[in-house]
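Residue-level listing of the chains:
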Amino acid sequence: MTDNKTTPSLISGEESLRVFESLNRGMSRRNALQMLGLAGVAAAGAGSLFGTAGKLWADEAPAEGKGKPGGKIRVAGMSTSTADTLDPAKGALSTDYARQYMFYNGLTRFDSHMTPHLELAERIDNVDATLWTITLRKDVTFHNGKPLTAADVVFSLSRHKDPLTGSKVMALVEQFTEIKATGPNEVQIRLSAPNAELPSILAVSHLLIVPEGTTDFNKGIGTGPFTVGEFKPGVRSIAVRNKNYWKPGLPYLDEIEFIAIADEPSRINALLSGDVHMINEVNPRSTTRISASPKHRVVDAPSGNYTDLIIRQDQMPGKSPEFTQAMKLLLDREQVKSAVFRGYAVVGNDHPISPGARYYNSDLPQTVYDPEKAKFLLKKAGMESITMPLVASPAATGSVDIAVLLQQSAKQAGLKLDVNRLPTDGYWSNHWMKHPLSFGNINPRPNADVMFSQFFQSKAPWNESGWQNDQFDQLLLLARAETDDTKRTQMYHDMQALVHDHCGIGVPVFISNIDGVDKRVKGYVANPLGGFMGYMFAEQVWLDA
């Protein structure tokens, strides 16, 4: 949420009025973006950039003063481990992201249409989408009383380039060829090539701002709406209201206790019994239980979230293109949508860009369920009668049920799959991406560039199937530099085709985010970035008890 009284827009009021008047005269939304020099910043969703009143970067969160101050809530996520972290660079789970947004702010922040708004940045300017100048707010202090300066931003962004940091977005930040302070409150970022998506990239949770020189992240020293009252990895965290928060009147809550309950039925029971006020990752089968309660409600938001079949390309049998294609043909997508997700999903096509998203390639042939063709391909690969372990876990949403359906389909093709159901605890650190056949679950990303950079670029740390494709890597860099939106669209379409045809990832459906919420919790709305309001619920909700 931005404070409309104190946060200016990315452009001046005069420029904003000029663009709005042009829109009223019939200017296209794309031309308006080009007029601002920010083409490519707005994410998918018609009208998400310009509000009905012509306001640019319109704030959709509750207005200041609307919420009721005070109160404590208890929240249960689905994932926890001793690897839980308050280091934004290392965040890997939905619970990490939600905690980090409690304690830190970014330079920009997404609204519910995935449009970036100014946050710690007071102004962002650019030259040819290559040299970016960020002017910081001057009224912001960290939890320890230290004022926010350019040195903090330089440190926070630069540390992702150091391999010793172990940043999950190192590949994404490699395009930052120079990050330097050009004044006490001004930072310049020079990119290796033009990238109009930089304001969106800066809103990613991994790029939240920490004090210069931070080494102990367990203290959670940031500029965010809450301070750390307690943090015990794998157990719980307690967030306490930051009384000196730079956004007047926020946050509303006095305290948030954040725990994890890995077992979904247990999470539902905790919500319905009143033990917790909100939960994420609700199984579609459980929505009727929540809806039947007069004290609770279901929050459903279509998203780019997907659970994917991972076929490692750097080992057998995934090294065989025929085997990889056969596995994709054995995914009965309509059955996965109806039986596993009860219709809370849309059919996917073996690439990570969801239908309706910006740059979605609707011309790609749909991969359809075809066990006979799969049988032919397996025989061609010399693998028609092999037995394979298939690793699944409740940690990857719906993967156990998908695995059982895939096991049944594989029988028709002469392939025996032994489903190995692993517990949630430790799955992401010990098993994800480490088996010939397994499952992942990828939370939505703000744009195609971020998604492709983090999960499909050859050297990306989260390249799930170990896929290496030079043509894809080249297109990724070319698309960032392309300012002609038509050409850029074609590049992203070509990249989706390469993933669809050659990558070891099967995406059967895109899953809606489903949260369960106590009706006394107000201000809670859907966000396509992920559950828990795109992980950013903390400063936006209040308790009307």
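Residues numbered from 1 in each chain as written. Predicted model: local features only at pLDDT ≥ 70, side-chain atom pairs only at ≥ 80, totals over all residues. Heavy atoms only, no water.

- An unreviewed UniProt entry lists the protein under the name ABC transporter substrate-binding protein, with Pseudomonas palleroniana given as the organism.

**Concerning the nonpolar core**
Then, in step 1: Ile256, Met278, Met327, Phe452, Phe456 and Phe537 are the most contacted members of the largest nonpolar core, which has 101 residues in total.
Then, in step 2: Top element by residues in this core is helix α12 (residues 399-412). It accounts for 6 residues.
Then, in step 3: Residues in contact with phenylalanine 452, not counting those within four places in the same chain, are Pro352, Ile353, Gln457, Phe472, Leu476, Tyr492, Met495, Gln496 and Val499. (Core = buried A, V, L, I, M, F, W, Y, C linked by side-chain atoms within 4.5 Å. Buried < 20%, exposed > 50% of the residue type's maximum accessible area, 1.4 Å probe, protein only. Helix = DSSP H or I, 4+ residues; strand = E, 2+ residues; numbered from the N terminus. Contact = heavy atoms within 4.5 Å.)

**Details of the side chain of asparagine 242**
Then, in step 1: Note that asparagine 242 resides in the loop between β9 (236-241) and β10 (255-260).
Then, in step 2: Within the structure, asparagine 242 has its side chain in polar contact with the backbone oxygen of glycine 224 (distance 3.0 Å).
Then, in step 3: Not counting the four nearest positions on each side in its chain, asparagine 242 is found in contact with His143, Thr223, Gly224, Pro225, Phe226, Thr227, Leu250 and Pro251. (Polar contact = N/O pair within 3.5 Å; in protein donor to acceptor, adjacent residues only side chain to side chain.)

**Notes on helix α10 (residues 333-340)**
Then, in step 1: What α10 keeps buried is the set Arg333, Val336 and Val340. What you see down the axis of α10 is that its buried residues fit within an arc of 70°, all on one side.
Then, in step 2: Each element contacted by the buried residues of α10 is listed here: α9 (321-329), β13 (345-347), α12 and β18 (509-518).
Then, in step 3: Following α10 by one or two positions, arginine 342 has its phi on the positive side, about 50°. (Arc of directions from axis to C-beta.)

**Details of empty space enclosed by the protein**
Then, in step 1: Overall, the coordinates contain 5 cavities of 30 Å³ or more when judged by the stated rule.
Then, in step 2: Lining the largest cavity, in full, are Tyr97, Tyr101, Phe110, Val204, Ser205, His206, Pro444, Arg445, Pro446, Gln454, Leu529 and Tyr535.
Then, in step 3: Taken together, the residues of the lining of the largest cavity break down into 8 nonpolar, 3 polar and 1 charged. (1 Å grid on protein atoms, 1.4 Å probe; cavity = no way out; pocket = protein on both sides within 12 Å on 5 of 7 lines; lining within 4 Å. Points joined across faces, edges and corners; volume = space filled by probe spheres on them. Nonpolar A, V, L, I, M, F, W, Y, C, P; charged D, E, K, R; others polar.)

**Quick look at helix α7 (residues 264-272)**
Then, in step 1: Within the span of α7, buried status applies to Glu264, Arg267, Ile268, Ala270 and Leu271. Each buried residue of α7 lies within a common arc of 160° when the element is viewed along its axis, so the set occupies one face.
Then, in step 2: Buried-residue contacts for α7 involve β1 (72-77), β11 (278-279), α8 (287-291), β12 (296-311) and β18.
Then, in step 3: One or two residues past the end of α7 sits glycine 274, with phi positive at roughly 90°.

**Side note on the sheet that holds strand β5 (residues 131-136)**
Then, in step 1: Strand order in the open sheet made by the 4 strands is β4-β5-β7-β6, with antiparallel pairing throughout. Two strands bound the open sheet, and with one partner strand each, they are β4 (121-127) and β6 (176-183). Taking the axes of each pair of neighbouring strands and ignoring which way they run, one obtains an average angle of 20° across the sheet.
Then, in step 2: In terms of strand pairing, β5 meets strand β7 (residues 186-191) through 5 bridges, oriented antiparallel. Following the sheet pairing, threonine 135 is matched in β7 by glutamate 186.
Then, in step 3: Contacts from helix α4 (residues 150-158) reach β5, β6 and β7, with the element oriented near 170° to β6. (Pairing = 2+ DSSP bridges. Axes fitted to C-alpha atoms, helices over the stretch in contact; angles between N-to-C directions.)

**Some remarks on the pairing of strand β8 (residues 226-232)**
Then, in step 1: Bridge count for β8 against β9 is 6 bridges, and the pairing is antiparallel. Residue pairing in the sheet places glutamate 230 in a bridge with isoleucine 238 of β9.
Then, in step 2: Counting the residues that bridge the hairpin from β8 to β9 gives 3 residues, and of these glycine 234 lies at a positive phi of roughly 80°.

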